[in-house]
Structures are given as structure tokens and as C-alpha cells.
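# Close look at the chain arrangement
Below, each chain spelled out in residue letters.
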Amino acid sequence: MTSRDPALPGHHAPAMRASDADRDRVAAVLAEALATGRLTSLEHADRLQATYDSVTLGELAPITHDLPDVTATAHGAAIVRHEVRAVFSKVVRGGRWIAGRHTALNATFGALIVDLSDAVLPGREITLEVNSSFGKLIVRVPENAHVIDEVSALFAKRHISGGHGDEGGPVIRVVGRATFGKIIVARERTDWNLPDRS
């Protein structure tokens, strides 16, 4: 990508700070490259992580230098919403995966264990919509995350920790409800049956 690349219209200074819209435009180029086979899923995840870690336009530029631009209608292709469900079952999601800017996690008469410590988080702030109904929902957040707790509970166990993370770390807003179930959100690994990290 050059300073004249349509993915970053009107920007010419590499030292200029990138906006979320700039990052989303690059993410759309990457999504199209994945869909058309120009990038493998691992390459896509690595480049997407670099995109949302970028601070300046100069850091964004090399990420798509070898990829064609996409049309303006495709710029909305950045991952906005993602959903993971466990219904009468146990589901574990961990390792390198791409969360949505708004990720819904639902456990209904089952167990859902989600590890975000190695996940690609698209943006400086994401929202986790957590709902546990007669189920167990456990979320491990990155060590540098700042967690905002907006979860309610009715006849349920609820433990949301994390508090203030490192400066520059992701902000994870947790909303939702536990009803006759359990919701745990924390940084520490306990006996959650999370898969081993490589």
C-alpha cells in the first residue's frame, strides 16, 4: 500500500496517527484477500493482528502492499459480529482465532469456555455479550486488557475480574446476564479446562 492507495484515501504522511476507520479499510482488504485465496488463514490472522496493533499510517502501509484494493462496498467486510454457542454441550474456543468487535457468547444447559488471550481483537474496544442460562460460561481475557463489567445475574454465580489493564491494552466491555447459571471473566488460568497454549 502506498500513500496514494485507495485503502487510505487522502493520507500522505506516514507518521500521521491511524484511525479506526483506517484500520477497518485495511481489514477489508485482508478479508477480500482471504476470501479469494491470496492469503492463508494464518497469514490473514497475523496481518489482521498487525493492522489493529498499528498506531500510524506508516505502520499500516506494508500490511497490504502486495494485495489489490477492494471496492468501497467491501470496506464493511471487517469482522463486526461473531457468535459462539454451547447448547446442551461443552464448547471450547481458544488459540488463534478472530473475535468480532461485538462477540456474543451463549451457554444454555451447557459449558462454553473461551480463551481470548491469543485471539485477534479487531479494534481498541470490543464488546462481549455474555448470556448463561442454566449453563457455565468462562472467559479468559488478555493480561493487558481493561475489563468493564456490565453483567447482571439472577439466581446465578457471577465473577467478573480484570479491572485496569496496561495502558494501550484492549478495552473489553462485558454485558449480558446469568440466569440460574455461572459467568466467570478473568485473566488468571485456573481449573477451567482451557486448552494448553503452545
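Summary of the structure given here. (Residues numbered from 1 in each chain as written. Predicted model: local features only at pLDDT ≥ 70, side-chain atom pairs only at ≥ 80, totals over all residues. Heavy atoms only, no water.)

Let's shift gears to the overall build of the chain. Tallying secondary structure elements over the chain gives 3 helices and 10 strands in all. Of the regular secondary structure in the chain, the N- to C-terminal order runs α-α-α-β-β-β-β-β-β-β-β-β-β. The buried share of the chain, taken over its 198 residues, is 47%. Excluding contacts between residues fewer than 6 apart, the proportion of contacts in the chain whose partners are at least 24 apart in sequence is 64%. Carbon and sulfur atoms provide 53% of the accessible area of the chain, an area that totals close to 9700 Å². (Helix = DSSP H or I, 4+ residues; strand = E, 2+ residues; numbered from the N terminus. Buried < 20%, exposed > 50% of the residue type's maximum accessible area, 1.4 Å probe, protein only. Contact = heavy atoms within 4.5 Å. Areas by Shrake-Rupley, 256 points an atom, 1.4 Å probe, with all protein chains shown as cover.)

What follows is about the sheet that holds strand S7 (residues 146-154). The parallel open sheet is built from 5 strands, whose spatial order is S1-S3-S5-S9-S7. Across the chains shown, the open sheet's two edge strands, defined by having one partner strand only, are strand S1 (81-87) and S7. Pairwise comparison of adjacent strand axes, ignoring direction, gives a mean angle of 10 degrees for this sheet. Two elements, strand S3 (residues 102-108) and strand S5 (residues 125-133), share 7 bridges in a ladder whose sense is parallel. Paired with His-102 across the strands is Thr-127, a residue of S5. (Pairing = 2+ DSSP bridges. Axes fitted to C-alpha atoms, helices over the stretch in contact; angles between N-to-C directions.)

On to the nonpolar core, then. Residues Leu-105, Leu-116, Leu-128, Val-139 and Ile-172 are the most contacted members of the largest nonpolar core, which totals 26 residues. Within the residue set of this core, elements represented by two or more residues are S1, S3, strand S4 (111-115), S5, strand S6 (136-140), S7, strand S9 (171-179) and strand S10 (182-186). Within the second largest apolar cluster, 18 residues are counted, among which are Val-26, Ala-27, Ala-33 and Ile-63. (Core = buried A, V, L, I, M, F, W, Y, C linked by side-chain atoms within 4.5 Å.)

Below, the discussion takes up the environment of Leu-39. Structurally, Leu-39 can be placed in the loop between helix H1 (20-35) and helix H2 (41-53). Contact partners of Leu-39, with chain neighbours within four places excluded, come to Leu-30, Ala-33, Leu-34, His-44, Arg-47 and Leu-67.

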